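An overview of the molecular structure
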Amino acid sequence: MADLLDDGPEPKQLSPREYRDSLKEALGDTFLRKTLDKFAVQYKANREAIFSGLEEKGLIAEVAAMKDQSIDRLEDLYEEFRAEASRKGMRVHLAKTADEAVRTIIDIARESGAKRVIKSKSMTAEEIDLNGALLEASLDYVETDLGEWIIQLRGEGPSHMVLPAIHLSRYQVAEEFAKAAAAPAGPHGDGPVGPGDPPGRQAGGPDRTPDGEDIGKLVKVARRQLRAHFVQADMGITGANFAVAKNGAIGLCTNEGNARLTTNLPGVHVALVGLDKLVPTAADALKVLRILPRNATAQPITTYVSWITGLPPSGQSGSVGSPQKSLHVVFLDNGRLDLAKDPKCREVLRCVRCGACANVCPVYRLVGGHRMGYVYIGAIGLILTYFFHGKEKAKQLVNNCVGCEACKDVCAAGIDLSGIISEIRARISESDGSPAVSKLLGLVMSNRPLFHTLLKYAKFAQKPVATGAYVRHLPTILLGDHGFRALPAIANRSFREAWPEIEAQDIAPKDGPRIALMAGCAHDFIYPDQLVAAVKLIRAKGGRALFPMEQSCCGLPSQMMGERRAAEKTALGNFLAFTEARFDYLVSLCPSCANQMKNRYPTLLAGSPGVSAEALESFAQRVIDFSTLLTQVLKYFPEDFTPARAPNSASGPVARASGAGGLPKVAYHSPCHLGRGLGVTGPPRALIAMAGEYLPTEGEEVCCGFGGTYSLKFPEMSSALMERKLEVLEASGAERLVTDCPGCVLQLRGGEEKRGRRLPVEHLSEFLARSLKPSL
Amino acid sequence: MPQKPGAYGAQGLGPCGLNLCPNGEAMASDANQTSEANLEAVALFKKKAAEVSTLVIEVPDLSAALDQAARIAAQADPAERLPTGSPQTAREIAGSPKRLAAPDLSEADYAYLAGRCQELGVEILKGPMRERLSGLEAAFSLASLGLADTATCVMENETEDCRLASMVCETHVLGLYAKDVVQDGQAGLAFLEAALDRERNFVSFISGASRTSDIERVLTLGVHGPLRLVVALIGPSGD
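Residues numbered from 1 in each chain as written. Chains lettered and ligands numbered in written order. Predicted model: local features only at pLDDT ≥ 70, side-chain atom pairs only at ≥ 80, totals over all residues. Heavy atoms only, no water.

Description of the overall build of chain A
We count it as follows: Helical segments are the DSSP runs of H or I of at least four residues, strand segments are the runs of E of at least two, and each set is numbered from the N terminus. Contact definition: two residues touch when any of their heavy atoms are within 4.5 Å. A 1.4 Å probe and the Shrake-Rupley method give the accessible areas. Residues count as covered only by the protein chains that appear here.
Helix and strand counts for chain A come out as 36 helices and 21 strands. By sequence separation, contacts in chain A at least 24 residues apart represent 78% of the contacts at least 6 residues apart. When the accessible surface of chain A is split by element, carbon and sulfur atoms take 55% of a total near 28,400 Å².

Right under this line is the structure:
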C-alpha cells in the first residue's frame, strides 16, 4: 500500500526505544490514567445496559454480513451512488489517493470562492490531513465538534475516534478557551463578537471564560463562539456515516447538532466519505445505526441522524450566479479498493468507526490514543495505520497489542482485529526481515528437539540463581525493566521427563474418553505440577490421559512475533503428533494454546500438504479447554469435592475471615484466550464454586498484562496492567486467586511474590485436585 | 382554527404544510398498525423519551400543542443573543419580547398561534431564519413519525426555515401525533426509503436535546442545537 502522506511534514518515526519512552511518559500522566480508568469501567457497565434485551451477536453478524456483501461490490455501489446522486444535482467525485482528495476539496473551495470553512468531525479528513492542506491554501477553517475544536486550539490530533479530547481536563480546556477569547480574529481565535453584534444577553458582555470548574459554562462558551463561525462560513465540510447507493443519499450521526448546522448554513457542503461507507440501501444503513451509537457511547441512537439527498432548498447559493446550494460528495479510495481484494484483511473495511475497540483495550486504558494509533485510534487504528499510512508508521504500533482479544469481542462488525494485527506483524517481518530476536525465537521454537535441549540446559544454568520455585538471585541490572514480578524457575523435572512414570501409574486404564494433553511450554517445563493435577482429575472420572511426546510449542509466540513460517511449522508438527495419538479430546490447561489450536490452526494449516480439510476441521472440533472438559465431558459436580480449607499462607495484609461455612473466598481471573478467545466463561466459575466460595471481583476479564512475548517487549505496560489487577484483588477480601492459564499464573503469582502480599495464586487444576474427594 | 389532529397525515400533507409527503396515503404506517400496537409503541416512546431527557407533554389536539408552544416560549429564560453578525443593538435586545419561530405552519394554524402569542406577549415569526440565527427562545415544528424504541422524532421535507429554526432555538417543541408513533426504525423503514427516493430531501432523526460529553465525559445539554426538546404528543396516548 503506498504511503501517501510521506511527502508532507511528518513527525519523526520513533525508534522502539523512543516509542517505549513515550509509553512511559503516558503511564506517568495521572489525569489520563484516572480518566481512562473511569471511562473503561463506566463504558463496560453502560454498554451492557444498552444491549440488554437485544440479540447483540445477531446484530453484529447482520452488520458483518451486509458489509461483506458491500465490500464485494464497492465499485458497483459507488457507480450506483454516483448515477443517482448526480441525477439529483449532487456532485460526486472519486479520489484515488489522499492527495487527490485534498486537491479536489481545495479546488471546490476555489471554484466557489469560499474563504471560511467550518468542519464537522471527520476521521476521514484526519486521514488525508485535510486541515494542513486548508491552512496551506489560506482557507480559515474551524472545527465545530466541541472536542475537535478544543484539540484544534491546542494544535493536537484526536486521542479517541469518538471522544477526541478525552485526554484533557476541564482546566486545560478553560485555559485554551481563555486564550481563544483573547486572541485576535483568525482561524484559531476569532473574537467572540462579530461586527455589530450585541453583547450576550445574560453574560452582559464578551466571553468571560469560566475558570473551568463548571463544564456547562465551558460548553456555553463554545456554543457562543462557534455560532459566529457557523454564520460566517462559506463552506461546510463533513464526513458521513453512510452513503446509501440506491438513493444517492448520505447519513450523518452527531450528538451536538454541529453537522446539521454545517450542512445547512454555508452555500457549499462537501462530504468526504471513505468508499467503505457505501451501503446498498437505507435498510442496510439502519442495520449499522442500530449498533453504532450503542457500541460507541452506549446510547440507543445519537441525538441527531441527518439524511441528505439531492439539493434541499437553501437560502444560500453555492456559487456565483447559481440560485442553489451545492453539495459535493468526495469518495476516498486511499487503498480501500485494494484492501477489498485482500482475502485475509478485507474485513477491516467492515469497520463503522465506533471506537469501541479502544474503549475496551487495556493498553489504550493505560496510555491513551496518541500512543495507540497514527490517525485512527485503538485496535483498528493499529491496522488502518498500516493500510492507509504505510508500514513505517505502523511498525512500532502493531507490536503494542497484548493480544487479549477484547477488541475482537466488542467489535460492532465482528472484525477479527487481533488476528489481523498478527497478520500485519507477519507481513512487516516478511517484507523487512525479522528482528534478530524474533528470527532466533522462530527458529528455535519450530525445531522441537533443539528447543527442548535448550530448555534442559537452561535448567542447569539457572542453578546458581534459583531458589525453589523462583529465580531469585539475578542481579537487578540483568532484569532491567523486567523485575516487576518474580520469575519462575524451570522445573527440575519437566512433564515430558516425568510422563513415563505418570503413564505407568495408570495401571488399569478405563474405557473412558481418550484425552490427549497438550502441555505447552509453560506446563511442560515450568509448571508440570499443574498438569499432574489435571491428570489426577481426568483419571478420577475414568478418562484416559495421553501425552504425545512429539508435541511442541503451540506456535502462538512465533505468530505474535510475526514469524509466520515458524508458526506454521510448529502447528503442523503438533497436528501430526496428536493425530497419530488417536484422541477423543485434546485438552490444554493453557487457553492460549487451546485457542491457537482450535481457532488459528485451521487458517495456518489450510492447504498444507497431507492435511485434509476434513481432518483439520475434526481436529479443531475436538480441541477443548480444561474447565469445559471437566464440567461437560467428565461431568464433575459439587459432590465430587471436599471444599478446600482456607489456605495456611493467607496471613498478612490480605488475610480475611473465610466466607460462609468456612469456605475460602476465591477470586477468579479470566484469561483472555479463555473468556474471549474460546468464549468460555461459565465453567471455570462453576468449578470454583464447587470447591470454594466464588467471590466475583471487578474486571475479572481484563488482561493481566502477560500477553506472552508482549511482557518481554513492553515490560512497563505489562507491569502497569498487572499492578492494577493485583490492587483490585488484594482489596477485594479474596483469600485465594484462581485462574486457568499458566501465563496468567506466572504473571500474577510472580507479581504477588514481588509485592510481598502473599495472596496465593494457583491454577484451577491445582485448586480442584487438592479439593477432590478422597473416594475419587 | 387549527386543523384537527391527524389532518396533515390523512390529507397526505407534509408536516410543514407542503404537499411533499413521500407517501400520499399516510405519513406513518397507521393503516398497517393496529391500535393496540400503536398504544404499546406510544407507551414505549414515553418511557424512552425520559431516558434521553426529552420532556413529553400530552395534548388532545394540535391547538393544545400550539398553546403549549406559546406558553413555553413565554416562560423560557431569555435566549442568549449569540454573535451572529445580526445588526441588532443591545437596547433592542434588552427590550425585545420572547420569540417563537413557527415557519411552516399552515396559515390557519399560524394565525391561531399568533393569537396565543399576542396574548402572552411573545413575538412570533415565520422567517427568514437566516436573519435570526440566535436569540430565539423556542421553535415549533411537526414531526412526521415517531420511533418508539429510541424516542426519535423524524422530521422531513421542511423548508430551510423550518430546519434552521429547529437547530438554533433554545427550546424545540415538536408536535408528534400519537398515531404516527411506530415501534422502531425497522417499522419506520418504508417511510425513510420513500423519503430518500425523493429528488431532494433533508430528513432528521431527533432524539433529545443537543448534547456533548467531550469535556471530561460529563454529559452537558445544549451545545450547538437546542438546550431542551419538548415533544407534544398529540391525541390519545393510551393512558
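A word on the sheet that holds strand β16 (residues 585–588) of chain A
Residue and element names in this part refer to chain A. Operational definition: Two strands form a pair only when DSSP identifies at least two bridges running between them. For helices, the fitted axis covers only the stretch in contact; all axes are lines through C-alpha atoms, and the angles between them, taken along N-to-C directions, range from 0 to 180 degrees.
Pairing is parallel in the open sheet, where four strands are placed in the order β15-β14-β16-β17. One side of each edge strand has no neighbouring strand; the edge strands of this open sheet are β15 (544–546) and β17 (623–625). Pairwise comparison of adjacent strand axes, ignoring direction, gives a mean angle of 35° for this sheet. Judged from the three bridges that link them, β16 and β17 form a sheet pairing that is parallel. Each residue of the ladder has a partner; that of L586, found in β17, is V623.

Considerations on the nonpolar core
Condition: We define a nonpolar core as any set of buried Ala, Val, Leu, Ile, Met, Phe, Trp, Tyr and Cys residues linked to one another through side-chain atoms lying within 4.5 Å. The cut-offs for exposure are 20% and 50% of the maximum accessible area for each residue type, with area from a 1.4 Å probe on protein chains only; residues under the lower value are buried, those over the upper are exposed, and the others partly exposed.
With 124 residues, the main nonpolar core has A:F81, A:W307, A:F331 and B:F205 as its most contacted residues. Counting residues per element, this core draws most heavily on helix α12 (residues 282–297) of chain A, at nine residues. Membership of the second largest hydrophobic core comes to 62 residues, among which are A:W499, A:A519, A:A533 and A:A571.

Topic: the sheet that holds strand β2 (residues 116–119) of chain A
Residue and element names in this part refer to chain A. Spatially, six strands are ordered β1-β10-β7-β4-β2-β3 in an open sheet, and the strand pairing comes out parallel. Each edge of the open sheet is held by one strand with a lone partner, namely β1 (91–95) and β3 (140–143). Adjacent strand axes in the sheet meet at a mean angle of 20° when their direction is disregarded. Strand direction decides the pairing type here: β2 and strand β4 (residues 235–238), joined by three bridges, are parallel. Looking at the pairing, K119 lines up with I237 of β4. Running at roughly 150° to β1, helix α4 (residues 74–87) makes contact with β1 and β10 (326–332) of the sheet.

Some points on the pairing of strand β6 (residues 152–155) of chain B
Residues and elements named next belong to chain B. Across the two faces of β6 the burial is the same, with T152 and V154 and C153 and M155 all buried. Pairing between strand β5 (residues 145–147) and β6: three bridges, direction antiparallel. Residue pairing for β6: L145 is matched across the bridge by V154. Turn length for the β5-β6 hairpin, with the two strands adjacent in sequence and antiparallel, is four residues, and the turn residue A151 shows positive phi of about 50°.

Description of the interface of chain B and chain A
This is how it is decided: Buried area, as used here, totals the accessible surface that two parts lose on assembly, with accessibility defined by a 1.4 Å probe and the loss added over both. Salt bridges are defined by distance alone: a side-chain nitrogen of Lys or Arg within 4 Å of a carboxyl oxygen of Asp or Glu.
Residue-level contacts link 66 residues of chain B with 78 residues of chain A. When the buried area of chain B at its contact with chain A is split by residue, B:I215, B:R217 and B:H224 rank highest and sum to 14% of it. Viewed at the interface, chain A and chain B are joined by three salt bridges. We note a salt bridge from A:R170 to B:E216, for which the minimum N-O separation is 2.9 Å.

A look at the pattern of salt bridges
Residues and elements named next belong to chain A. Under the definition given, this model contains 59 salt bridges over all chains. Two residues, E430 and R564, come together in a salt bridge whose shortest N-O distance is 2.7 Å. Here E430, found in helix α19 (residues 417–432), pairs with R564, found in helix α27 (residues 564–580); they are 134 residues apart in sequence, far enough to count as distant. Judged by its relative accessible area of 44%, E430 falls in the partly exposed class.

Observations concerning the packing of aromatic side chains
Each aromatic ring pair is described using two quantities: the centre-to-centre distance and the angle formed by the ring planes. Here is the rule: Pairing of aromatic rings covers Phe, Tyr and the six-membered ring of Trp, with a centre-to-centre limit of 6.5 Å; geometry is then stacked below 30 degrees between planes, edge-to-face above 60, and tilted otherwise. Look at NZ for Lys and CZ for Arg. If either is within 6 Å of the ring centre and within 35 degrees of the ring normal, a charge sits over the ring.
For the structure on display, the rule yields 18 aromatic pairs over all chains. Ring geometry for A:F39 versus A:Y43: centroids 6.0 Å apart, planes at 55°, classification tilted. With A:F39 and A:Y43 both in helix α2 (residues 30–51) and four residues apart, this pair spans about one turn of that helix. In textbook terms, an aromatic cluster arises when at least three aromatic residues are bridged by ring pairs, as seen for A:F575, A:F578, A:F583, A:Y601 and A:F619. Sitting over the face of the ring of A:F583, A:R622 holds its NZ or CZ atom 4.2 Å from the ring centroid. Looking at B:K126, its charged tip hangs above the ring of B:Y110, at a distance of 4.2 Å from the centre.

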